[in-house]
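# Close look at the chain arrangement
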Amino acid sequence: MIYVLLLIILLLLIAYFRLWRRYHRNIRKVAFLFDALDSGDYTFRFTEGQTYSDERLLNASLNRVKLILQHARDEQKEREKYYELILNSVDTGILVVDEERGIVLQHNQSALRMLKREAISHVNQIKEALQGFSIRESHTVLKGRRVRIIGFSDIKGELANQEIDSWVKLIRVLTHEIMNSVTPIISLSDTLLSHAEGEQQEGLQVINRTGKELIAFVENYRKFTHVPVPKPELFYVKPFIERMQSLCRQSLPPTAAITVEVEPADLLVYADEALVARVVTNLLKNARQAISPGGHIALHAYTNEQEQVIIDVSNDGAPIPDDVATHIFVPFFTTKKDGSGIGLSISRQIMRLSGGSINLVSTPQDLITTFRLTFN
């Protein structure tokens, strides 16, 4: 009986030891699972074959937990990419700033482009730059930290677009009414001229000629409201600029010069080449009229830090006074006796429809007048 009792005790000890080992092995599996998930490792997998049934059930359950958490992580990453894509697609600059430390936790591409920076790490770096924008702020808690969400936009650009839209609407109404009123007068005077004599004929000729001149005048202004929709394509900037140079050189005095610089030589731009040619041709025409017989015109194409394509059209003619520079893009504003005042306004309309901009970037003190075309 003693031997039997000892044997039973030994078997119980062996069973207890084996159960203890299996228990601790399972505990280590669970601990390994959480350590791996905590470090972002989802490559492991517990075996589900050649083991005890209860151990297979545990391994299968742990594998299922891993798959569920992995799926949740993948969905979270997809949502983050989706939100990031949305943030980068808006024109408003967005910054997420830690309120306590001032560290910029997140920003979108528009913020970098508008602030002209490759990276933003602290809000103190951009305090002065933000003063030129319209700013909206909100506060929230993110991962236990108080954060400030700053949204800012280029109010000058928005006002310029609204101004253009207002001019377009006004001109459409005016030209429509003038055309409707003048066209019947011309038609009627044409009919009466065939039957009139003497002073009546001379008077009708004056009315007819004045009406046709007014129609031609109105047609000129209608161009501002009928800019064609751009059809952008990739094209090389260098041959385009050289063609503009060749056309301009034919009308320059022999003593004047026009130079071209394109860097890099294989610079490409995505835009409507025909419409861009209209803008550059108008700028070259203005430059040609501004320079002296021995003056100089320069065409310079390059990319800036934001990888935008820039085309500068410069001349060393008389600088544009400050009081004139503030109005040069206003439709119908001109300082020339025979000018229509729509060349630069049409150019701005074309660049706006092309997703770019045109600006006067020089100052009278530079003695160089530069109009800059920016293609985003």
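Only a predicted model underlies this, so the values are computations on that prediction, with no experimental measurement involved. (Residues numbered from 1 in each chain as written. Predicted model: local features only at pLDDT ≥ 70, side-chain atom pairs only at ≥ 80, totals over all residues. Heavy atoms only, no water.)

## Considering the overall build of the protein chain
Threshold: Each helix is a run of DSSP H or I of at least 4 residues and each strand a run of E of at least 2, with the numbering of both proceeding from the N terminus. Between buried and exposed lies partly exposed: a residue is buried under 20% and exposed over 50% of the maximum accessible area for its type, with that area taken using a 1.4 Å probe on protein chains only. Residue contacts follow a heavy-atom distance rule, with two residues in contact if any of their heavy atoms lie within 4.5 Å. Using a 1.4 Å probe, the Shrake-Rupley method yields the accessible areas, and only the shown protein chains count as cover for residues.
A tally of helices and strands in the protein chain yields ten helices and eleven strands. Out of the 376 residues in the protein chain, the part that is buried amounts to 32%. Excluding contacts between residues fewer than 6 apart, the proportion of contacts in the protein chain whose partners are at least 24 apart in sequence is 60%. Looking at the protein chain as shown, the accessible area adds up to about 24100 Å², and 57% of this sits on carbon and sulfur atoms.

## Some details on a nonpolar patch on the surface
Stated formally: Any residue with relative accessible area above 30% and no salt bridge may belong to a patch, with like charges joined within 9 Å and the nonpolar Val, Leu, Ile, Met, Phe, Trp and Tyr side chains within 5 Å. Whenever Lys or Arg places a side-chain nitrogen within 4 Å of a carboxyl oxygen from Asp or Glu, that contact is recorded as a salt bridge.
A surface patch of nonpolar side chains, amounting to about 700 Å² of accessible area, comprises Ile2, Tyr3, Leu5, Leu6, Ile9 and Leu13. Along the chain, Ile9 turns up in helix H1 (residues 2-38).

## Regarding the environment of Ser110
Assignment of secondary structure puts Ser110 in helix H3 (residues 109-115). You can call Ser110 buried: its relative accessible area is 4%. On a C-alpha basis, the gap between Ser110 and Ile94 in space is 7.5 Å, while along the polypeptide they are 16 residues apart. Each residue touching Ser110, except ones within four places of it in the same chain, is listed here: Val90, Asp91, Thr92 and Gly93.

## What to know about the packing of H1 against helix H2 (residues 53-89)
For the record, the criterion: For helices, the axis comes from a line fit to the C-alpha atoms of the stretch in contact; other axes are also lines fit to C-alpha atoms, and the angle between any two N-to-C directions lies between 0 and 180 degrees. Every angle not falling under 35 degrees, over 145, or within 65 to 115 is termed oblique; those three ranges are roughly parallel, roughly antiparallel and roughly perpendicular. Each residue gets one label: Ala, Val, Leu, Ile, Met, Phe, Trp, Tyr, Cys and Pro are nonpolar, Asp, Glu, Lys and Arg are charged, and the others, such as Gly, are polar.
Orientation of H1 relative to H2, taken along the N-to-C sense of each, is 10°, at an axis distance of 11 Å. It follows that H1 is roughly parallel to H2 by the angle criterion. Along the contact surface, H1 presents Arg22, Arg25, Asn26, Lys29, Val30, Leu33 and Leu37, while H2 presents Asp54, Glu55, Leu58, Asn59, Leu62, Val65, Lys66 and Leu69. Looking at the contact of H1 with H2 residue by residue, the class counts come to seven nonpolar, two polar and six charged.

## Quick word on the sheet that holds strand E10 (residues 356-360)
Convention followed: Pairing between two strands is assigned when DSSP locates at least 2 bridges connecting them.
Taken in spatial order, the five strands make up an open sheet running E6-E8-E9-E11-E10, and their pairing is mixed. Strand pairing shows two members of the sheet lacking a second neighbour, strand E6 (257-262) and E10, which therefore form its edges. Pairs of neighbouring strands in the sheet enclose a mean axial angle of 10°, with direction left out of account. Relative to strand E11 (residues 369-375), E10 is paired through five bridges, and the arrangement is antiparallel.

## Considering the nonpolar core
The cut-off we apply is this: We call a set of buried Ala, Val, Leu, Ile, Met, Phe, Trp, Tyr and Cys residues a nonpolar core when their side-chain atoms join them within 4.5 Å.
Membership of the largest hydrophobic core comes to 41 residues, with the highest contact counts inside it found for Val237, Phe240, Leu283, Leu284, Ile297, Leu373 and Phe375. Residue assignment for this core shows that the elements contributing at least two residues are helix H7 (237-249), E6, strand E7 (268-271), helix H8 (273-290), strand E8 (296-303), strand E9 (309-315), helix H10 (343-353) and E11. Among the elements that make up this core, the one with the highest residue count is H8 (eight residues). Setting aside its immediate chain neighbours within four residues, Val237 contacts Val262, Leu267, Leu268, Val269, Ala301 and Ile311. If you look at the next biggest cluster of nonpolar residues, it comprises 14 residues, including Val97, Ala111, Leu112 and Phe133.

## Side note on H10
Of all eleven residues making up H10, eight are buried, and the element is well covered by its neighbours. Taken residue by residue, H10 has Leu344, Ser345, Ile346, Ser347, Arg348, Gln349, Ile350 and Met351 as its buried positions. Directly beyond the C-terminal end of H10, a positive phi value near 80° is found at Gly355.

## Brief notes about H7
Operational definition: Expected span of a helix, by definition, is 1.5 Å for each gap between consecutive residues, and there is one gap fewer than residues. Directions pointing from the helix axis toward each C-beta atom define the arc.
End to end, H7 covers 18 Å across 13 residues, agreeing with the expected 18 Å (1.5 Å per residue, within 8%). All of the buried residues along H7 are Val237, Phe240, Ile241, Met244, Gln245 and Cys248. The arc enclosing the buried residues of H7, seen along the axis, measures out at 140°, which places them on a common side. Buried positions along H7 lie against strand E5 (233-236), E6, E7, H8, E8 and E9.

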